[in-house]
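Report on the structure
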Amino acid sequence: MSRAGSAVRAGPGAGSGSALFSGFRALGLYSNHLPHVLRYHQRHRAFYLITAAGRSFHTYNVKKLGIVAVSNALLQDITCLAADRMLVFASYGNLLHAFARNKEVVHIYDGHKGEIHLLQPFGDHVISVDIDNVLIVWDVQSEEEYLQLTFDKAVFAVSAIMHPSTYLNKILLGSEQGSLQLWNVKSNKLLYSFPGWGLGGVTTLEQAPAVDVVAIGLVSGHIIVHNIKFDETLMKFQQDWGPITAISFRTDGHPVMAAGSPIGHIALWDLEEKKLISQMRNAHSTAIAGMSFVQGEPLLVTNGADNAIKIWIFDGPGGGGRLLRCRMGHSAPPTKIRYHGQNGQQILSAGQDGTLQSFSTVHERFNKSLGRGSINKKKSKRKGLQYDTMALPPITAFATEIARQNDWDGIIACHQGYITCTTWNYQKTSMGAHKLKPKAFSKNKPLDVYATVVDITTCGNFAVIGLSTGQVDVYNMQSGIHRGHYGKEKAHEGAIRGVAVDGLNQLTITAGSEGLIKFWKFKTMDLVYSANLSSSPSAMLLHRDSGILGIASDDFGISVLDIETRRIVRKFSGHHSQINDMAFSPDGRWLITASMDCTIKTWDLPSGCLIDCFLLDSAAISISMSPTGDFLASSHVDDLGIYLWSNRSLYSLVSLRSLPADYEPSVIMLPGTCSAQDVDITGDEETSDEMIDYNSPEQLEERLVTLSSLSESRWKNLLNLDVIKKKNKPRKPPKVPKSAPFFIPTVPGLIPRYAAAKHENDGQQSKVVNLGVLAQKSDFYVQLEEALSSNEYKSPLSILKEMGPSSIETELRGLAPDAGGSIEVMKSFLRLIGTMLNTKCDFELAQAYLALFLKLHLKILSSEPVLLEEIAKVSTQLEETWIHLQTLFNQSLCVLNYMKSALL
């Protein structure tokens, strides 16, 4: 029986978003090239860190580095970020936005003609500078311009801005020419000009803990600590790592200044002894974008364009810091993502930065980094990140299995243009012990031979590796020993485009670029079957549970092959560019494909139809479906994040009808990061335009037996009500406490004595009144009487459906003559049951009502010929209905047994 409210798709060709998948959240996005902002919340008494990530900014607590809020997205990527005690200011292009509660935009400031590149909160005002060298002072609340200053680029191109501490209404500007200017914003006057030091332009300005003292970072790598009150240089430092990108001072009693560089190193300078005390090399793999010491604590917060936020603690000897907490994603776009394990909570991701990382869909604290592939780990550690010649190229493909990951390595990966495949250990979060390479290439290093595809068996014991020369080799994962190869010399003439091993280690399937697909015995490595494909394959994916193989071709088509029959069972076409990746749903019913035409399509294998398609801003490079079926994960071109799409079919009614041939999807925006504490649950569900409500009829067909929609508690226990009442009956009746009189009676006499209480007679009169002929007829009884003449039993049946079990028993007891009923009414009730059996509706209710009726009135029924005649008719109807049902059951069982035993 169909459920009410099922959804069907509206008119053909109507472009819309995805019906199956809804954007949920992004993983692995933490920071970009903009410096972070550190704020102190007085009520929470905690520090909060704000970083920009694309079109929104994230707020983290410094204590645990957990995300607490994500702002609403702007129309473009944020290019400048700042904050004061109440608001966060973010700009893109020539527009400046003010955010309240780290979430929504409350003010927009429009007045610049060029792109804003500097921001400075200033009490009730905010100062912004654009690339055309125009400085505007805005009133925060009224959104009006308070002051506008224009500087000549050739003379003073503003490159840094700062408000000196205790300097009322004054700002300090640094220029690309190296000079500084001190302005009074209220009076619009230039108070003083600092000529500069002839060492290049100013990159950053930072207030020192001492009043009147400012640190100035220059392009030449010099740091000038200057007293702006007396225009006196106190000390000068120099770094050989390029321009100064960030400066910060410790405020916990140690006179230390930290300075960042474009190559990721941090220098720590002692201000008392005026010397370098420590270096923190390779703190980030890219330039240090922002750096802040937490007020009064030995903690340094840094962020960089390598998509990392790090907190360093200075609690050891030597003055250097050690890493305390870290949130790090890929610094280059991911190349391949796959779910790890069967719980759907971890996603393994390989990036162009050469790292293999694990992202948790539950919480960021469960994220892991398995590190970067290296030919020799010890040599790599000595040389460091910048000069590491031992680093392996990025991973292009990998396979994972959890069966034996506690015993040995459970991940096998191949690298771009590299013949050696590496193993990785998820439990140890590091690169594994083995490097798998054919013996023929152990001594010489071929130029054009490299591993293309890998797979790992379900048991986790063997790895299968395909090469660009057409060789397919098998290795033992525990020992790393070569166990054989397929074919005499080569498995295929062309490069291997796909390898797969079935779930029982019986078959190995290989696909070559020459257009052949071959089936091999896994153990003996003998060729079993070979077939030609219509086009050269580009990728291959096996769903082991169902034995369904998906093959993507160079002609942008998709073939689905059954490995049992070795025949192509489905062919799909519809993509207009190269197919990047494929994924099966856990039950094997859907095949999801991602292409360079920026679409993600879902194909229904049983019906052979396209049931969903949506268009994105950037093409998906890799996709993976959760083993639990709740999320689809995707990674995209030139994007550092991993995006999760929730499966709508798990929590709402979704149409699985095929899309029309002229269907044109609309562009869907990628989901943003979702915070753990500030989650907006009001999603934009598409309802009226896309889905039409469909109400199922009460009975699909007259020949079908239809059950009611009532819960089992309304009819299942009708025969056991007497047992239930006995169980629920209290053992002793409740005793009512005797109420004390207001005035306690006394006995008259010289000595006051209380009067004894008089015991009432225990033999009380019964309170149960025998109504006899005064009993009123119920609505159900009246409707049954009327139905004798009209033969319409819908009204009494609807009344009976609304009653509970106890009420139903009371009504049926009242039908007997000795309880105020009549033989005619009992006859009418039997006709009601006969009507229900004729229509085949509410079948289980008819059985329950009839069983209770027979239990209550069996003696009366046997003594009345009129009732016996009606019972005979009902008995005949019951027998016919059960014979019909038995026939249908037998047919279904027969077909099921045949499907189980037949060899297809």
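None of these values were measured; they are calculated from a predicted model. (Residues numbered from 1 in each chain as written. Predicted model: local features only at pLDDT ≥ 70, side-chain atom pairs only at ≥ 80, totals over all residues. Heavy atoms only, no water.)

Along the backbone of the protein chain there are nine helices and 61 strands. Relative to the 2.2 N^0.38 estimate, which gives 29 Å for 904 residues, the radius of gyration of the protein chain is 40 Å and therefore markedly larger than a compact globule would have. Considering only C-alpha atoms, the protein chain reaches an extent of 120 × 115 × 60 Å along its principal axes. With 904 residues in all, the protein chain has 49% of them scored as buried. Excluding contacts between residues fewer than 6 apart, the proportion of contacts in the protein chain whose partners are at least 24 apart in sequence is 48%. Approximately 45900 Å² of the protein chain is accessible, and the part contributed by carbon and sulfur atoms is 52%. If the 86 positive side-chain charges of the protein chain are averaged to one point and the 87 negative ones to another, these points end up 10 Å apart. (Helix = DSSP H or I, 4+ residues; strand = E, 2+ residues; numbered from the N terminus. Rg over C-alpha atoms; globule rule 2.2 N^0.38 Å. Buried < 20%, exposed > 50% of the residue type's maximum accessible area, 1.4 Å probe, protein only. Contact = heavy atoms within 4.5 Å. Areas by Shrake-Rupley, 256 points an atom, 1.4 Å probe, with all protein chains shown as cover. Lys, Arg positive; Asp, Glu negative; His and termini not counted. Charge placed at Lys NZ, Arg CZ, Asp CG, Glu CD.)

This part is about the environment of S618. Within the element layout of this structure, S618 appears in the loop between β54 (609-616) and β55 (620-625). Spatially, the C-alpha atoms of S618 and S635 are 9.6 Å apart, while their sequence positions differ by 17 residues. Excluding anything up to four places from it in sequence, S618 contacts C598, H636, V637 and L670.

Scanning the model with the defined rule gives 15 salt bridges in all. Note that R544 is salt-bridged to D455, the shortest N-O span being 3.3 Å. Linking R544 in the loop between β47 (537-543) and β48 (548-553) with D455 in strand β39 (residues 451-456), this pair joins segments that are 89 residues apart in sequence. On the basis of relative accessible area, R544 is assigned to the partly exposed category, the value being 26%. Across the salt bridge formed by R497 and D554, the nearest N and O atoms sit 3.6 Å from each other. Of this pair, R497 sits in strand β43 (residues 496-501) while D554 sits in the loop between β48 and β49 (557-562), and the two are 57 residues apart along the sequence. The partly exposed category is assigned to D554, whose relative accessible area is 39%. Each of the salt bridges in this network shares a partner with another, and the network as a whole consists of E401, D455 and R544. (Salt bridge = Lys/Arg side-chain N within 4 Å of Asp/Glu carboxyl O.)

In this section: the packing of helix α5 (residues 805-813) against helix α7 (residues 843-856). At a minimum axis distance of 10 Å, the contact between α5 and α7 shows a crossing angle of 50 degrees. The angle between α5 and α7 places the two elements in the oblique class. Like other packed secondary-structure pairs, α5 and α7 cross with a definite hand, here right-handed. Across the interface between the two elements, I808, E809, L812 and R813 from α5 touch Y849, L852, F853 and L856 from α7. (Axes fitted to C-alpha atoms, helices over the stretch in contact; angles between N-to-C directions. Parallel < 35°, antiparallel > 145°, perpendicular 65-115°, else oblique. Left-handed = near helix turned anticlockwise from the far one by under 90°.)

Once that is clear, we can look at unusual backbone geometry. In most cases, non-glycine residues show a negative phi, while peptide bonds are predominantly trans. Unusually for a residue other than glycine, T429 sits at a positive phi of about 50 degrees. Within the secondary structure layout, T429 lies in the loop between β37 (421-425) and β38 (430-436). We classify T429 as partly exposed; its relative accessible area is 28%. If you check the backbone angles, M525 has positive phi at about 65 degrees while not being a glycine.

Next up on the list: the sheet that holds strand β20 (residues 213-218). Think of a sheet as strands paired side by side through backbone hydrogen bonds, with each pair either parallel or antiparallel. Strand order across the open sheet formed by four strands is β19-β20-β21-β22, with antiparallel pairing between neighbours. Sheet topology places β19 (202-207) and β22 (232-238) at the edges, where each strand pairs with a single neighbour. Sheet twist, expressed as the average angle between the axes of neighbouring strands with direction ignored, equals 20 degrees. Two strands pair when backbone bridges link them, and strand β21 (residues 222-227) and β22 are joined in this way by six bridges, in the antiparallel orientation. Bridge pairing in β22 links V225 to M235. (Pairing = 2+ DSSP bridges.)

Right, let's get into the confidence of the model for the protein chain. Predicted confidence across the protein chain gives a mean pLDDT of 87, with 90% of residues reaching 70 or more. For the protein chain, the element scoring lowest by mean pLDDT is strand β1 (residues 6-9), at 33; strand β23 (residues 247-249) scores highest, at 97. Considering only residues more than four positions removed or in separate chains, one finds that residues 677-691, a stretch of pLDDT under 50, has 21 contacts. (pLDDT = per-residue confidence, 0-100.)

Spanning 12 residues, helix α3 (residues 779-790) covers 16 Å between terminal C-alpha atoms, matching the ideal 16 Å at 1.5 Å per step. Of all the residues in α3, the buried ones are F780, Y781, L784 and A787. Along α3, the residues classed as buried sweep out an arc of 120 degrees about the axis, all on the same side. Of the exposed residues in α3, those oriented more than 90 degrees away from the buried face are D779 and S789. (Expected span 1.5 Å × (residues − 1). Arc of directions from axis to C-beta.)

Right, let's get into the pairing of strand β45 (residues 516-521). With five of its six residues buried, β45 lies for the most part within the structure. Direction of pairing for strand β44 (residues 507-512) relative to β45: antiparallel, over a ladder of five bridges. What sits directly across from T510, in β45, is K518. Here β45 runs beside strand β46 (residues 527-532); their pairing, made up of five bridges, is antiparallel. Counted as the bridge partner of I517 is A531 from β46. The hairpin turn running from β45 into β46, its antiparallel successor, is five residues long, and M525 in that turn takes a positive phi close to 65 degrees.

On to the environment of F314, then. Within the secondary structure layout, F314 lies in the loop between β29 (308-313) and β30 (322-328). Overall, the relative accessible area of 9% leaves F314 in the buried class. Along the sequence, F314 and L299 sit 15 residues apart, while their C-alpha atoms lie 6.5 Å from each other. In this structure, F314 is in contact with R250, L268, M280, F293, P298, L300, G319, G320 and G321, ignoring residues within four places of it in sequence.

For α7, which comprises 14 residues, the first-to-last C-alpha distance of 21 Å matches the rise-based estimate of 20 Å (1.5 Å per residue) to within 8%. Turning to α7, its buried residues number three or more, namely F843, E844, L845, A846, A848, Y849, L850, L852 and F853. Where α7 is buried, its residues contact α4 (794-802), α5, α6 (823-839), α8 (858-863) and α9 (865-901).

Moving on to empty space enclosed by the protein. Tallied over the full model, the rule gives one cavity of 30 Å³ or more. By volume, the largest cavity is sized at about 70 Å³. Counting residues per element, the ones that place at least two in the lining of the largest cavity are β2 (21-27) and β33 (355-360). At three residues, the largest contribution of residues to the lining of the largest cavity is made by β2. (1 Å grid on protein atoms, 1.4 Å probe; cavity = no way out; pocket = protein on both sides within 12 Å on 5 of 7 lines; lining within 4 Å. Points joined across faces, edges and corners; volume = space filled by probe spheres on them.)

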